[in-house]
Amino acid sequence: MKFINDILGYELIYVIVDYGRGSKVLQTAKKLGVSGGTVFHGKGTANSQLLKFLSLYEERKEIILLGAEANLARKVMEKLHKKFCFEKPHHGIMFSTRAFDVYGSNCNVRHNGVESEEKKSMYQIIMTVVNRGLAEDVLDAAQEKGSKGGTIINARGSGIHETTKLFNMDIEPEKEMVMIPTKKEEMKEIVENIRKKLSIDEPGNGIIFVQDVVETYGIFE
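Thresholds applied
Residues numbered from 1 in each chain as written. Predicted model: local features only at pLDDT ≥ 70, side-chain atom pairs only at ≥ 80, totals over all residues. Heavy atoms only, no water. Helix = DSSP H or I, 4+ residues; strand = E, 2+ residues; numbered from the N terminus. Buried < 20%, exposed > 50% of the residue type's maximum accessible area, 1.4 Å probe, protein only. Contact = heavy atoms within 4.5 Å. Areas by Shrake-Rupley, 256 points an atom, 1.4 Å probe, with all protein chains shown as cover. Pairing = 2+ DSSP bridges. Arc of directions from axis to C-beta. Phe/Tyr/Trp six-rings, centres within 6.5 Å; stacked < 30°, edge-to-face > 60°. Axes fitted to C-alpha atoms, helices over the stretch in contact; angles between N-to-C directions. Parallel < 35°, antiparallel > 145°, perpendicular 65-115°, else oblique. Left-handed = near helix turned anticlockwise from the far one by under 90°. Nonpolar A, V, L, I, M, F, W, Y, C, P; charged D, E, K, R; others polar.

Asks: I tried to follow the overall build of the protein chain on my own but got confused; where do I start?
Replies: Across its full length, the protein chain holds 4 helices and 12 strands. Counting over 221 residues, the protein chain shows a buried share of 49%. Sequence separation of at least 24 residues holds for 79% of the intrachain contacts in the protein chain that already meet a minimum separation of 6. Accessible surface, the protein chain: about 11800 Å² in total, of which carbon and sulfur atoms supply 48%.

Asks: Please explain the side chain of Thr128 as it appears in this structure.
Replies: Here Thr128 shows up in strand S7 (residues 123-131). Ignoring sequence-local partners within four residues, the contact set of Thr128 consists of Val138, Glu176, Met177, Val178, Ile194, Ile207 and Ile208.

Asks: Explanation requested: unusual backbone geometry in the structure shown.
Replies: Outside of glycine, negative phi angles account for most residues, and trans bonds account for most peptide bonds. For Cys85, which is not a glycine, the phi torsion comes out positive at approximately 55°. With respect to the element layout, Cys85 can be found in the loop between helix H2 (70-84) and strand S5 (93-99).

Asks: Got a minute to help me understand the pairing of strand S4 (residues 60-69) in this structure?
Replies: One face of the sheet, then the other: side chains in a regular strand alternate in exactly this way. Burial analysis of S4 places 8 of its 10 residues in the buried class, the great majority of the element. The pairing of strand S2 (residues 10-18) with S4 spans 9 bridges and is classified as antiparallel. Bridge assignment links Ile16 to a residue of S4, and that residue is Ile63.

Asks: So what exactly am I meant to see when it comes to the environment of Phe86 here?
Replies: Structurally, Phe86 is set in the loop between H2 and S5. Here Phe86 falls in the buried class, since its relative accessible area comes to 1%. Taking C-alpha positions, Phe86 is 5.0 Å from Gly218, a pair spaced 132 residues apart along the chain. Beyond its immediate stretch of four places on either side in the chain, Phe86 contacts Val15, Val17, Leu80, His81, His91, Gly92, Ile93, Met94, Tyr217 and Gly218.

Asks: For this particular structure, what's the right way to read helix H3 (residues 135-144)?
Replies: Looking at H3, one finds that the buried residues are Ala135, Val138, Leu139, Ala141 and Ala142. Within H3, the buried residues cover an arc of 160° as seen down the axis, which keeps them to one side. Within two residues after H3, Gly146 carries a phi angle of roughly 110°, on the positive side.

Asks: Looking at this structure, how should I read the packing of aromatic side chains?
Replies: Following the criterion strictly, the structure yields 2 aromatic pairs and no others. Both rings, one in Tyr14 and one in Phe95, keep their centres 4.9 Å apart while their planes meet at 10°; by these two values the pair is stacked. Of this pair, Tyr14 sits in strand S2 while Phe95 is found in strand S5, placing the two residues 81 residues apart along the sequence. The exposure classification of Tyr14 matches that of Phe95, with both residues buried. Plain terms: the ring middles of Phe84 and Phe86 are 6.1 Å apart, the flat faces sit at 25° to each other, and that makes the pair stacked.

Asks: Hey, could you run me through the packing of H3 against helix H4 (residues 184-198) in this one?
Replies: How two helices pack is summed up by the angle between their axes together with the distance between the axes. Where H3 contacts H4, the two axes come as close as 8 Å, and the packing angle between them is 135°. The orientation of H3 with respect to H4, classified from their angle, is oblique. Considering how the two elements wind past one another, H3 and H4 form a crossing that is right-handed. Counted together, Asp137, Val138, Ala141, Ala142 and Glu144 of H3 and Ile190, Asn193, Ile194, Lys197 and Leu198 of H4 form the full contact between these two elements. Classifying every residue of the contact of H3 with H4 gives 6 nonpolar, 1 polar and 3 charged.

Asks: I would appreciate a short explanation of the packing of helix H1 (residues 22-31) against H2 in the present structure.
Replies: Here H1 crosses H2 at 135°, and the two axes come no closer than 10 Å. Between H1 and H2, the interaxial angle falls into the category oblique. Of the two elements, H1 crosses H2, and the hand of that crossing is right-handed. In this structure, H1 contributes Lys24, Val25, Thr28 and Ala29 to the contact, and H2 contributes Leu80, Lys83 and Phe84. Tallied by class, the residues present in the contact of H1 with H2 amount to 4 nonpolar, 1 polar and 2 charged.

Asks: Would you explain the environment of Gly206 in this entry?
Replies: Along the chain, Gly206 falls in the loop between H4 and strand S12 (207-217). Measuring from C-alpha to C-alpha, the distance between Gly206 and Thr128 comes to 7.1 Å, with 78 residues separating the pair along the chain.

Everything listed here is a matter of coordinates, which is why it stays silent on function.
Here it is as structure tokens:
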């Protein structure tokens, strides 16, 4: 089994655009060297300046999830930004998070344990997967601890031979994923309240994971 080691590791790129534009972003990314991606349908509940973050509100949006080695990810993001002009209002947003020990899809990556000297982001993304119908409860629990909103996502795979799974949990129509942006200092209280209110630690009730934001375009300014 072949592994790619890199100090910066592997990154996940999230691009959020108006409904119907996801395919254009995905096609452009593939031309730039990204092997593939996944398109999610989402709706937002943002109600503050910070959550221009997903510029979703109640509009339908598409979230494109791409994976690439870190150096390639930075180049791809720069070119996507140039093409889609994320700095302009309503053109969408893009950010990346770091991933470690990636397996499958013809890509195996192990992080070598060396932290980069890049500036540290002050933001994180809380991802919660729960049974269908409970996403609003997740958002309510987060808002009790200071969150200003988030995005509820339904997923579909971009490949006909792929099964969409996350930590061995099927993400099918009966599941919902909630993406919540937060400042690092607020993350722990928000996560703990979601765990408590949704009984996340009980088998089958859901999962939560947190990712650092590495690079951003069109958000958090």
